[in-house]
Amino acid sequence: MDEYPKGSLDPSIPLLLTLGVAGGSDHGIELDTALREQGVLIRSEAAPLDSEQALGLLRYIQDHDLSRLPPTSPEPIAALRYRFRVRTAERSLLLPPRHARLPDGADPPASPAALHSPFSPLSTVSKLYPDGLIDTKWLQKHQALVPALVLCFYTLVSDPTQATLCDNQIKSDLNNIKGLLSQSGYKTRLAVVLLSDQHAPSVEGVQERLENLRKGCGIDSKALFLVPPNESTQELGRMAENMLSTLYPLAVEYYRDLGRHARKKRGRGIAPQPTIPPTSGTSQTLSLAGWNVRYDFKSAIFAEFRSEYENALRSYDQAYDGLLSSELLEVIPSWSPRWNEARFLADVIAIRGISCLLFGGQHSTAARRWQLHRDKVAGFVDRHGRGTKNYGWKAWESRWAVVMANLIERTVIPGFEPQLHQRYLQPEKVAMGERLQPFEFLHHPGYWYRLAAQHLYGRRALARAMPDDDRSPPSSSPASHVASKAFTYDTYMCPEPHEEYPLNDAPGTDYGDLIVDNLTRARSAFLERQQVRFAAELSLECARELTIRRDWKSIVELLRPLWKNMSFRTEGWYTIAEELSWILRGAAAMVGEAALVVAIDWELLNRNFTKRTNWHYDISKSLDGISPKSRPHVYIEDGQTLSFISASFIFKDEEGKAGQSANGQLTLKSSAHQGSAPIRLNSVQVELNGSVNRIIFKHQDDADPQQKNGNTSLSAMSLSRITDKGKGKATDPDSLDEEQMVILQGDANLTLAPGQVIVLGVQVPLREPGETCAVSLTMNLHSESFDLDQYQSFQQGRGASIWYLSASRTKRVARENPLAVKVLPRPPQMEIVGLTWKDQYYTDEPIALEFEIINEEDVDAPARLDAILVGPLPPVFIVEVPGQDETSSDGGSKEESRLSGLSLGAIESSKSIITHVRVPPIPESTQYNLTLKLVYFLSTNPGTPITQTAVFQLNIVNPFEANYDLLPRVHPDPWPSLFDPEGVRDPSEDDTHILPKGLCQTYSLVTRYASFASEDLRVHDVDIRVQTSRSVRVHSTRTLPASPNRIVKPKTIEDAAFDITSQKHTLDDRSQSTLDVSLVIKWSRLTSSTPNTTTLPVPRFVLFGTEPRVLASASHIRLKESPKPLIILLIIIENASNHFLTFGLSMEPSDEFAFSGPKQTTLHLLPVSRRSATYRLLPLASGSKTGGWIKPGLVVRDKYFQKVLRVIPTEGMKLDKDGAFLVWVPPEEEEGSENGEGSSESE
């Protein structure tokens, strides 16, 4: 857009003029001399301020001048609180005259003449007189000459003796400025900034003075500002921000008044008459359609000042349609200057309309508007102008494309930032339903710059096609030819033909510079959006233009990065790659880039490129005519060039064993142009990983191939080992030192003629198990003038996997990765045998393992042992080797316990050694993996380690599992009385010597344990371990003794019972207590006499509850008169609380037995006491030889809470499924004891 006149396309931003601060320039000097004489001078009599406060405030205002910043999108503009174009003046400003004077010497009109603006086509001083539309001077008037706001700066004196005088001077100066502004005819707003001096006056006095100034000058209260003294930079910035935000609505209102005035004039519907009617020739005044276009354009500009882009676009559309209508542009002759003025106005309206569309987010509409204007102008030029087949039209098309690129660049469009790599924008919602062409999408600026360069190509071609007669200057051409030439070429905003492309090599339009500039900008835009292919194409086009200009250095800087990373090689675009290489080669030779020249010549030897005639194709002659400063060393990376030498290295077999050799082949093939000079490589280095690090093939002239067939030669090479430090050679490649880099070397003839294939077979020794793989290759060439190294990496699946059986026979290696050979370990001949291994081990027993290591090798072998125990929290184990001390594992990990590098010494052939591994007892069931890794070396091949690994699984399980029942029993002793003085404890007595006097309870702990071992175990003893709190004494006895050394078979259940008596130390302690019991089983295997102890935890029990408890106990009396036993049922109610409780007992009659005792009774229980009730039961059923159960209907109820208490059975009793207790009736054959009583155990 720089080719358009200044100010024609500048953004419309409200103009703010500061007056009264030192450092400003005179305002209005841009006016013409005639207008400057008629201008209105507004001068301030006050001295300009030069204080730091005033200068800082002005500096902040100038820093926020929006015209100095790139325009932004509507979202940031909407977020801005103000928009100003800032201009400064010290004491005066010159405004253009509102009305132009009558021209000198003009005849006075009959009636009083109507004077008009000097920028109007109605005034004779205007270049638009009498029928012009509008020009850039009117735009410059509102953008740079007539401010919307004048901001005056004054000092508010705080000295009381001078305050009144100073205020009067300020009022006088402001009234003078205000009067001059009124006389000028402009409606510029006036605002005042008062800066207090160093002494701050009182608040009351300041308010009164400000009010006096405001009323005396008639200034709006919103336009009067006071800046306190000694304000910091941050405070000044904050005050300036608020000041500008307050003034911005005043500026918007100023332009709203101007827009209203323009619409009012347009609405009159008549064309005004000029001051003096035109009288020369056939001149005519501007038509009504022209005035409508002029006022629509003005309305759009004023709407832009107000940031009302929709209204501005609407007015631009009206002005554009009116301008291109049949009443204006259609009737203007193309030879008239008004034709180009109308075209220029159409361009300005279209550009500003597109800018409004971009600000409004209508991206596709903006692209279509750009194309629409291009098509319409082309139609007008073809119908009424000089046509579109000349250089002038191509110049306009190029300029029009650049305009679109500039508009996109200066508008920040959301989602179209370069870092998002968006190539074009999707259409807005309004246009989504339409069928859009690709060019109707908004593309990034690179697209438009490239389009501009293409039109410049056409401009140059059309200019060069002009006849010599048209290119001659008018002074040397006949008048008739000059006249015909004027109607042939379109010179709108471009030079005349003799200036466009002059004769005799005179300076004219520099097409190359214009094309390179547009291509460079387009290339940068494409690179920003990662469009590498487009950028490469543009770089090549730019290099062609630079070649014409012979700018060799720029060509090298432009094409060198592209040549190094060119994708055209791998994609098969050899024509493009060839052209780029030749252009870069010529430029590099001119600037002395010797290394680059050699690298390009090396690539151009490939026969995929076109062979040039009269070119030597000899790499040794690449630097002929070039004098480098030092000997070049050329390094070509993999994929950097399309090399004419293809190399591959493959292994014949997929697998090999350590200690043996693998067959490999190196194949070198030349694809150079026929007739080119042979290439003699000095060496070829193949890098491998695994057993061998590097293989070097050295050139030797007398090394003739063993087989030759046509262009193919085959040789089997013998390799010798060299050290990486160059300390000599070893003729046997198998004798390898483990600590050094392994480098093998052989000699061969490495001279490659065009089309020749060299095949070199080698034997690669394999050392260690794993994988040996060919990684890369480096070819070295040393000539008299340079050194060249080409690096190539081997990749799986790249290149043909061909194995040469002979020079004439080949086969394809059909496997996935022929670059690698899998090295299998040498089969070990040492065995690890577990002598005492068991399938199952048990917790709480020490584990002793015994292993035998047998050497079945033919020679003695020094060995070392690694033992690894893997599992959850592995313990530290001990390994014992005969003749050595015991060695413990590290045990530093939560997942494994390791012992590494335990030397076993040299194990003789056909001999063995015994190794013991001891693992401490494991408390929980788990599973471990014990890995024994044996690493040994043979004396015949000490460089190759041999590994034997054995894994043993330790399954550790619990040998026993048990379940438990805690059954209540009746304690025989009476409870202590709460009211017995003997039970009162003396506080001075020691706790350790006082006998327990609290409540006591008895329980029976019945355990049933089973063996989960896989073999018989010997149980030595079964006992319990009791843990209680200090407030309870517990005593346990075994009631069901287990026989010692009992043999327990797998999956069998054994019983054990224990009586537990607990008693509180004091009667006052009636809180609950917990009972922690563990079952202790001492056992051993049948093959061992050392017992192991397994502790099984018993669930925690709660003793001494505070709730009442009912116990039932039964005994039997055998009567002589009856074979049926008499059952004595004792009901005991315990009250362990501090409350007096009452219980009701009721016994329901039953058909199963007769009873004697209270059918219904009441028992009263004192706190901490128990009482009992006795019933005698006589079974009524017929005698039974096996016994049976009866169910007494006894109900015990708490009379206060009306709660039925459950009766807890003890010996000789049990509970049924409903929770009722049952009493055991012994069989009639059973004999009683001597005293006539017997008892049975509970089940």
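- The name given to the protein in an unreviewed UniProt entry is Gryzun, putative trafficking through golgi-domain-containing protein, with Cercophora newfieldiana as the source organism.

Re the pattern of salt bridges
- All chains considered together, the criterion is met by 49 salt bridges.
- Among the salt bridges present, the one from D375 reaches R374, with a minimum N-O distance of 3.3 Å.
- With relative accessibility at 38%, the residue D375 sits in the partly exposed group.
- A relative accessible area of 25% places R374 in the partly exposed class.
- Across the pair R694 and E687 runs a salt bridge, and its minimum N-O distance is 2.7 Å.
- E687 sits in the partly exposed class, given a relative accessible area of 22%.
- Each of E253, R256, R306 and E308 takes part in one network of salt bridges that share partners.

Re the packing of helix α2 (residues 52-63) against helix α7 (residues 233-266)
- Running from N to C, α2 and α7 point in directions that differ by 55 degrees, and their axes come no closer than 9 Å. The angle between α2 and α7 places the two elements in the oblique class. Crossing of α2 against α7: the hand is right-handed. In this structure, α2 uses Q53, L57, Y60 and I61 to contact α7, whose residues at the interface are L236, G237, A240, E241, M243 and L244.
- For the contact of α2 with α7, the class distribution of residues is seven nonpolar, two polar and one charged.

Details of the packing of aromatic side chains
- Taken as a whole, this structure holds 33 aromatic pairs when the rule is applied.
- Summarising the aromatic geometry, the rings of W582 and W615 are spaced 5.3 Å apart at their centres and angled 85 degrees between planes, so their arrangement reads as edge-to-face. Here W615 lies in the loop between α21 (594-604) and β10 (633-636) and W582 lies in helix α20 (residues 574-591), a separation of 33 residues in the sequence.
- Under the relative-accessibility criterion, W582 is labelled buried at 11%.

Regarding the confidence of the model for the protein
- Looking at the protein, the pLDDT average stands at 87 and 92% of residues meet or exceed 70.
- Mean pLDDT across the elements of the protein bottoms out in strand β60 (residues 1237-1238) (39) and peaks in helix α13 (residues 445-464) (96).
- Predicted confidence for residues 71-75 stays below pLDDT 50, and this span has 16 contacts to residues more than four positions away or in other chains.
- Confidence drops under a pLDDT of 50 for residues 1230-1243, and excluding neighbours within four residues, the segment shows 26 contacts in the predicted structure.

A look at empty space enclosed by the protein
- Tallied over the entire structure, the rule returns seven cavities of 30 Å³ or more.
- Taken together, L324, L329, W339, R343, A346, V377, F380 and V381 form the lining of the second largest cavity.
- Those elements that place two or more of their residues in the lining of the second largest cavity are α10 (337-359) and α11 (363-384).
- When its residues are assigned to classes, the lining of the second largest cavity shows seven nonpolar, no polar and one charged.

Overview of the pairing of strand β25 (residues 787-793)
- Judged by how many residues are buried, β25 sits mostly within the fold: six of seven residues are covered.
- Here β10 runs beside β25; their pairing, made up of four bridges, is parallel. Residue pairing for β25: H633 is matched across the bridge by D787.
- The pairing of strand β24 (residues 770-782) with β25 spans seven bridges and is antiparallel. Note that in β25 the partner of N780 across the bridge is D789.
- Where β24 folds back onto β25 in an antiparallel hairpin, the turn is made up of four residues.

The rules behind the values
- Residues numbered from 1 in each chain as written.
- Predicted model: local features only at pLDDT ≥ 70, side-chain atom pairs only at ≥ 80, totals over all residues.
- Heavy atoms only, no water.
- Salt bridge = Lys/Arg side-chain N within 4 Å of Asp/Glu carboxyl O.
- Buried < 20%, exposed > 50% of the residue type's maximum accessible area, 1.4 Å probe, protein only.
- Axes fitted to C-alpha atoms, helices over the stretch in contact; angles between N-to-C directions.
- Helix = DSSP H or I, 4+ residues; strand = E, 2+ residues; numbered from the N terminus.
- Parallel < 35°, antiparallel > 145°, perpendicular 65-115°, else oblique.
- Left-handed = near helix turned anticlockwise from the far one by under 90°.
- Contact = heavy atoms within 4.5 Å.
- Nonpolar A, V, L, I, M, F, W, Y, C, P; charged D, E, K, R; others polar.
- Phe/Tyr/Trp six-rings, centres within 6.5 Å; stacked < 30°, edge-to-face > 60°.
- pLDDT = per-residue confidence, 0-100.
- 1 Å grid on protein atoms, 1.4 Å probe; cavity = no way out; pocket = protein on both sides within 12 Å on 5 of 7 lines; lining within 4 Å.
- Points joined across faces, edges and corners; volume = space filled by probe spheres on them.
- Pairing = 2+ DSSP bridges.

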